[in-house]
Structure formats: C-alpha cells, structure tokens
Amino acid sequence: MTVRLKRLARLRSTCSSGHQRPYVALEHVESWTGKLREGVELPVLTPASSGMATAEPGDVLFGKLRPYLAKSWLVDRPVLASTELMCIRPAATLDSRWLGYMMSTVPFVEWASATSDGTRMPRTSWEKISEYRPWIPSQAEQRTIADYLDTEVARLDALISKKRRLIELLDERWEAWVRNLLSSLRCAILPLKRYWRVIDCKHRTPTYVEDGYPVISPGDTMPGRLDLGRAHRFVDESDFRDLAPGTRRPKKGDLIYSRNASIGIASYVDTDVPFCMGQDVCLMTSENMDQLFLMYVLNSVGLDQLEVQKIRSTFSRVNISQILEIRVPVPDSTVQLTLGRTLDLAASRRSRACSILEEQINLLQERRQALIAAVVTGETPVRPVAE
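Residues numbered from 1 in each chain as written. Predicted model: local features only at pLDDT ≥ 70, side-chain atom pairs only at ≥ 80, totals over all residues. Heavy atoms only, no water.

## A word on the overall build of the chain
Counted only if it meets this: Think of it this way: any DSSP run of H or I at least four residues long counts as a helix, any run of E at least two long counts as a strand, and we number them from the N terminus. Using C-alpha atoms as the atom set, the radius of gyration is obtained and then compared with a globule rule of 2.2 Å times the number of residues to the power 0.38. Summary of the burial criterion: residues with accessible area below 20% of their type's maximum are buried, those above 50% are exposed, and those between are partly exposed, where the area comes from a 1.4 Å probe applied to protein chains only. Contacts between residues were defined by any pair of non-hydrogen atoms, one from each residue, lying within 4.5 Å. Accessibility throughout is a Shrake-Rupley quantity obtained with a 1.4 Å probe, and a residue counts as covered only by protein chains that appear here.
The helix and strand inventory of the chain stands at eight helices and 18 strands. Relative to a compact globule of 387 residues, whose C-alpha radius of gyration would be 21 Å, the chain shows 27 Å and is clearly more extended. Structurally, the chain occupies a C-alpha span of about 75 × 50 × 40 Å along its principal axes. Out of the 387 residues in the chain, the part that is buried amounts to 46%. The long-range fraction of contacts in the chain, counting pairs at least 24 apart against all pairs at least 6 apart in sequence, stands at 76%. Of the roughly 20,200 Å² of accessible surface on the chain, a fraction of 51% belongs to carbon and sulfur atoms.

Here's what the structure looks like:
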C-alpha cells in the first residue's frame, strides 16, 4: 500500500521562546548516513523568533536546502533545528526509525530534489515532499524492518569505520616516517631563502571566464603533484600574460605554495600546461636545488614550524618574509635528488593503498544505500528474528 507522506507525518511548527537546547544546523548533518558529523559539538541556544523548530526524540530532520545532499537525522535528544532543516513528526501509527530510513533512500531524495525550486541553491518544502507516496507496511513490519536495518547498517558502518581508521594509520605512519627520515639527515638546517627563490603572485583579481588558462588558488593546492583539474577559475590570454609574466610563470619542476586558507601546502608542478597564480599563493624555484625534495620537507617539518608560529601569534595567512625564514635541511643536491625520488616512491605506494581502501569504502556505502532502499520499499522482504 502506498500513501502520501502527509497522511503519516506532519511538519513541526516553529517556536519563538523556550529553554536552551543544543542547536542542529545543516552543516552538522552528514550526507546519506542519517548521522550527525562525528565529533561535532552542538552550540546551545535559546529559541528565537527566527523560525527554529523544537525537535523531540523520534522526530526526523531533513535538509530542505540542496536536498540532493540527503541530509537527514533521526532526533535522539531534545534539540533546536535550523530553518534549513524541516522537522517532521511521524504519526502514532508510524515507526520513527522506519521513517528515518525511508527519508534517506535514493527514491525519496530524488523526489525531494525534483520538487526543489532554484538552480544555485535549490530548496524543497514540506508541501512538496509530503506528496511523496512511499510503500507503507504494517506497524509491526515497520518495526521488523527497522530492527533489521539497525543491525545490518551498524555492521556496515563498523566496516567503513575500520577502513577509515586504516587510512588514518597509513597517514600517521607516513608522516612519522618522513619526519624521522628528515631528522636523521646530517646536514645544515638553513633558512629557505639561502637556496630557493620565492616569487609572490600579483595581488589583483582578474576577470574570470568560463574557459581559458587555469588559475591556481590556495583551495586548489594539495600535498603532492599539482592537479590542474582542481582549478575552477580561468582567465583569458590578456589576463594570463599579465598574471604570469617572466619569472611569475610557473614551469615544470617549480612549487606552488599556499599562503592563505590551507596555509603552508606545497604542490609540485609536474606539467608543461600553462597556468597562472591566483591571489594568496607563491612560486618557489631554484637553479641547483631539488624542488621535489623541498615539497616533502615543506609538507612535514615546514608545516610544523608554521603551527608553532600560529600558537605564538595568531595569523590567518603567511607572508613572504615568514616563508623565506622557514628552516629546511639542505643536504647535497645529489642527496636531495635521491631522497626526493625515494619519498616519491613511498608516497605512491601509500596513495595506492589509500585508493584501494577508499574504493572499498565507496562499495560499502553503495551497499548500505542499496540495502536500505530494497528493504524499505519492500523489494527485499525481511522476517522478524525468532525469539
């Protein structure tokens, strides 16, 4: 039997006053998992006249802004809900756990997305999603389904958590190994300015175009090889020539270094494809030193030095004078070349291992979604566990 959702649940009205409660915003909710973000600390607020809803255990919150993100949460404590979260209360005949699972299925999320208004920031509404017609089993079957999914989803989530922990351990081992290797070098520790040139970007905002030369900004940098595919801004020929004249034009073998946002991230230029620097990045180069070696130094002990500076004096960006003073180990150039290749090979092996684990996580997440959809829609029947 299928019934319109509005026959089975109602939208909780907003409140204007009351006691303080933890406040749940859209950014606190994970996509597709039906959970709050791990480790999130909910702020405690007093209900205001801004349209917050008072949510009670058993209610389901669903993100009406960009519903394709599938942000839903079965409330387990008294909270306040953001205006971007619909607070839906199931009827007495509806199991709240079943409703929570149903609202995280692909068919429901697709309905919510199809009924949204707007292009850049699409929103749906209760009036629209309440027309959705899910398959409704009996209340006893709902409990059976919810019990089954509680067990199976917890098992899959535990496997996903273990895979993620393995990635964390690989990262921790990698960072420790790099630091130990660099600290074991018997060589001078000198300011970066002794052997490397740091060339700042032009401090102006160009006119961006839909297609043209990539512009690399701090958000486009990552430890390792520079990926021009991450660039989301482009300039035409005229702006490119102005932003990348002479020594400001990055070339293969240089480093791009972020000075703001993701502060202190060094990316190695491993391409001849022309691009230019956006604001808050700089270029590092040297005629007789190895930039690949320097990249690994800056992304380990270099970051450590910036963190110490942040503690001593708060700053939101690092300036060129600070970068020039970063102290780095400077072995012979042939040793740098050997170490850079050694580190690169180890990084590739770690990256492959992490990619395999990420692929396994993706498959488990797909299995999780497929299982929930199949059981909630009745495609895969489940039976109560015999006592």
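## Description of the sheet that holds strand S17 (residues 281-285)
Selection rule: We call two strands paired when DSSP finds no fewer than two bridges between them.
Ordered by their spatial adjacency, five strands build an open sheet running S10-S17-S14-S15-S12, and the pairing between neighbours is mixed. Of all the strands in the sheet, the pair left with one neighbour each is strand S10 (197-200) and strand S12 (224-225). Summarising the sheet, S10 and S17 pair through four bridges and their orientation is antiparallel. In the sheet register, Asp200 faces S17, and the bridge partner there is Cys282.

## Section: the packing of aromatic side chains
Selection rule: Here the aromatic set is Phe, Tyr and Trp, taking the six-membered ring for Trp, and pairing holds for ring centres within 6.5 Å; pairs whose planes are under 30 degrees apart are stacked, those over 60 apart are edge-to-face, and all others are tilted.
Taken as a whole and assessed by the stated rule, the structure comprises six aromatic pairs. Plain terms: the ring middles of Trp174 and Trp177 are 5.8 Å apart, the flat faces sit at 35° to each other, and that makes the pair tilted. With Trp174 and Trp177 both in helix H4 (residues 139-183), this residue pair falls three residues apart, about one helical turn. For Trp177, a relative accessible area of 37% translates into the label partly exposed. When the centroid spacing of 6.0 Å and the interplanar angle of 70° are considered together, the rings of Trp174 and Tyr296 count as edge-to-face. Of this pair, Trp174 sits in helix H4 while Tyr296 sits in helix H6 (residues 291-312), and the two are 122 residues apart along the sequence. Taken individually, Trp174 and Tyr296 each receive the classification buried, so the pair is uniform in this respect. Pairwise contacts between aromatic rings join Phe62, Phe108, Trp111 and Tyr132 into one cluster.

## Some remarks on the side chain of Arg21
Defined as follows: Here a polar contact is recorded for every N or O atom pair within 3.5 Å, except that within protein the pair must consist of a potential hydrogen donor and a potential acceptor, and residues adjacent in sequence are included only if both atoms are side-chain atoms.
Relative to the assigned elements, Arg21 resides in strand S2 (residues 21-24). Judged by relative accessible area, Arg21 falls into the buried class, the value being 18%. There is a polar contact of 2.7 Å between the side chain of Arg21 and the side chain of Glu56. A distance of 3.4 Å separates a polar atom in the side chain of Arg21 from the backbone oxygen of Val79. Aside from chain neighbours lying at most four places away, what touches Arg21 is Pro43, Val44, Leu45, Thr54, Ala55, Glu56, Pro78, Val79 and Leu80.

## Observations regarding helix H2 (residues 106-114)
Convention followed: The directions from the helix axis to the C-beta atoms form the arc being described.
For H2, the set of buried residues is Phe108, Val109 and Ala112. The buried residues of H2 occupy an angular sector of 95° when projected down its axis, which confines them to one face. The exposed residues of H2 that point more than 90 degrees off its buried face are Glu110 and Ala114.

## Regarding the pairing of S17
For a regular strand, side chains alternate in direction, first toward one face of the sheet and then toward the other. Along S17, five of the five residues are buried, which leaves the element largely enclosed by surrounding structure. Alternating residues of S17 divide into Val281, Leu283 and Thr285 and Cys282 and Met284, and every residue in both groups is buried. Here strand S14 (residues 255-258) runs beside S17; their pairing, made up of four bridges, is antiparallel. In the sheet register, Ser258 faces S17, and the bridge partner there is Val281.

## Quick notes on the pattern of salt bridges
Condition: Any Lys or Arg side-chain nitrogen located within 4 Å of an Asp or Glu carboxyl oxygen qualifies as a salt bridge.
Scanning the model with the defined rule gives 29 salt bridges in all. A network of salt bridges, in which partner residues are shared, links Asp95, Arg97, Asp147 and Asp150.

## Some points on the sheet that holds strand S4 (residues 53-55)
Across a sheet, paired strands are connected by hydrogen bonds in the backbone, their directions being either parallel or antiparallel. The mixed open sheet is built from four strands, whose spatial order is S3-S2-S7-S4. A strand with exactly one partner marks an edge of an open sheet, and here the two such strands are strand S3 (44-45) and S4. Alignment of S4 against strand S7 (residues 79-81), held across three bridges, turns out to be antiparallel. Note on S7: the bridge partner recorded for Ala55 is Val79.

## Examining the environment of Gly39
Position of Gly39 relative to the elements: it lies in the loop between S2 and S3. Sequence-wise, Gly39 and Ala81 are 42 residues apart; in three dimensions their C-alpha atoms are separated by 18 Å.

## A word on helix H8 (residues 333-376)
Basically, it comes down to this: Each residue after the first adds 1.5 Å to the expected span of a helix.
With 44 residues, H8 ought to run about 64 Å at 1.5 Å a step, and its terminal C-alpha atoms sit 63 Å apart, in line with that. Where H8 terminates, the next one or two residues include Gly378, which has phi positive at roughly 85°.

## Topic: the packing of H4 against H8
To be explicit about the condition: Only the stretch in contact is used when fitting a helix axis, every axis being a line fitted to C-alpha atoms; angles between N-to-C directions are given from 0 to 180 degrees. The scheme is simple: roughly parallel for angles under 35 degrees, roughly antiparallel for over 145, roughly perpendicular for 65 to 115, oblique for anything else. Three categories are distinguished: nonpolar for Ala, Val, Leu, Ile, Met, Phe, Trp, Tyr, Cys and Pro, charged for Asp, Glu, Lys and Arg, and polar for the others, with Gly belonging to the last.
Viewed as axis vectors pointing N to C, H4 and H8 meet at an angle of 170°, and their least axial separation amounts to 10 Å. Put simply, H4 runs roughly antiparallel to H8. Tallied by class, residues from the contact of H4 with H8 come to 27 nonpolar, three polar and nine charged.

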